[in-house]
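Observations on the model geometry
Chain by chain, the residues run as shown.
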Amino acid sequence: MAKFSLFGHEQPNRIAEADSVVVIGLGRFGSSLAVELMANGTEVLGIDGNEEIVQNHNGLLTHVVRADSTKEATLRQLSVPDFDRVVLAIGGDVTASILTASLLLKLEIPNIWAKAVSDQHGAILEQLGIGHVIYPEKDMGRRVAHLVRGAMQDYLEVGDDFALVKMAPPQALIGVPLGQSKVRGVYGVTVTAFFRPGAGWSYTTLDTVLADGDVILIAGNMAKVEAFGQLR
Ligand code: ATP
């Protein structure tokens, strides 16, 4: 262990037993993911080859280590094989990403998420057998395109042809019980939940009457949701 710079109070093999995730590469994506996991109660072992980045995460994550993830012995010494969830967030250095990915597969980590910076990079990760290849920049670009076009506040694609959208309710839905406005029949989408300032989020019922200032969560076919998102 003396070979590595260890920060934090617990040894990695101890946190591996809990609800825990290894994040390899603490660049912008890996860092924000790791901090978000911590905020939601997950223990995180962060690994990065850069000393300054490791120092910057000291105290933010359960455990942060400066190490080269392309070395099998290093991953073993850090108890990475004891974890069942690893996020590989190295992007720019494609060689390091691929070498690390193949080691994680060799170590039989059951759940691996790996970030790809291009379609070719993603294809290689998929061919290697990585279960979850993610394209943060591409996905965010697509998502923002939907937000820019309409009145939507948030947009989440679910599968190939289904989406969830957060938006202000269009005027046609205000002041009328949802059962009467027949949203599903007329627009082909479902208003699943609504947020009212001071009251928070609730599920909708046929009797829900939306008001100005509410926010709704709608679900449906992408084209329908997109068209509904343009309504004012
Ligand atoms: P982002 O866009 O998320 O900032 P990026 O796509 O530019 O990141 P990189 O710069 O390749 O990705 O890597 C992110 C982090 O991974 C960096 O902090 C870098 O130090 C770390 N990293 C790169 N190679 C290795 C390696 N072999 N072992 C450990 N950490 C590494």
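Residues numbered from 1 in each chain as written. Predicted model: local features only at pLDDT ≥ 70, side-chain atom pairs only at ≥ 80, totals over all residues. Heavy atoms only, no water.

Let us look at the overall build of the protein. Counting its regular elements, the protein contains 10 helices and 12 strands. Relative to the compact-globule value of 17 Å for 232 residues, the protein shows a C-alpha radius of gyration of 22 Å, a clear excess of over 25%. Dimensions of the protein, computed from C-alpha atoms along their principal axes, come out at roughly 70 × 40 × 30 Å. Burial analysis of the protein (232 residues in total) assigns 41% to the buried set. Surface exposure of the protein reaches about 12000 Å², of which carbon and sulfur atoms provide 53%. Computed over 19 positive and 26 negative side-chain charges, the separation of the two mean positions in the protein equals 4 Å. (Helix = DSSP H or I, 4+ residues; strand = E, 2+ residues; numbered from the N terminus. Rg over C-alpha atoms; globule rule 2.2 N^0.38 Å. Buried < 20%, exposed > 50% of the residue type's maximum accessible area, 1.4 Å probe, protein only. Areas by Shrake-Rupley, 256 points an atom, 1.4 Å probe, with all protein chains shown as cover. Lys, Arg positive; Asp, Glu negative; His and termini not counted. Charge placed at Lys NZ, Arg CZ, Asp CG, Glu CD.)

Here the focus is the domain arrangement of the protein. What the domain assignment reports for the protein is domain 1 (5-134) and domain 2 (140-229). Here domain 1 and domain 2 have C-alpha centroids that lie 36 Å from each other. (Domains from an automatic or database assignment.)

Residues I24, I47, V80 and L104 are the most contacted members of the largest nonpolar core, which totals 26 residues. Of all the secondary-structure elements, those providing two or more residues to this core are β2 (20-24), β3 (43-48), β5 (85-88), α5 (94-106) and β6 (111-115). At four residues, α5 tops the list of elements feeding residues into this core. Here L104 is in contact with I24, L75, V80, V86, L88, I109 and I112, once residues within four sequence places are set aside. In this structure, A163, M167, V189 and V191 belong to the second largest nonpolar core, which totals 17 residues. (Core = buried A, V, L, I, M, F, W, Y, C linked by side-chain atoms within 4.5 Å. Contact = heavy atoms within 4.5 Å.)

The environment of the ligand is made up of 20 residues, and the closest members are R28, F29, D48, G92 and K115. With respect to the ligand, the backbone of G92 contributes an N or O atom lying 2.8 Å from an oxygen atom. Protein contact buries 79% of the 630 Å² of open area that the ligand shows by itself. In terms of residue class, the shell around the ligand is built from seven nonpolar, eight polar and five charged. (Near = heavy atom within 4 Å. Polar contact = N/O pair within 3.5 Å; in protein donor to acceptor, adjacent residues only side chain to side chain. Nonpolar A, V, L, I, M, F, W, Y, C, P; charged D, E, K, R; others polar.)

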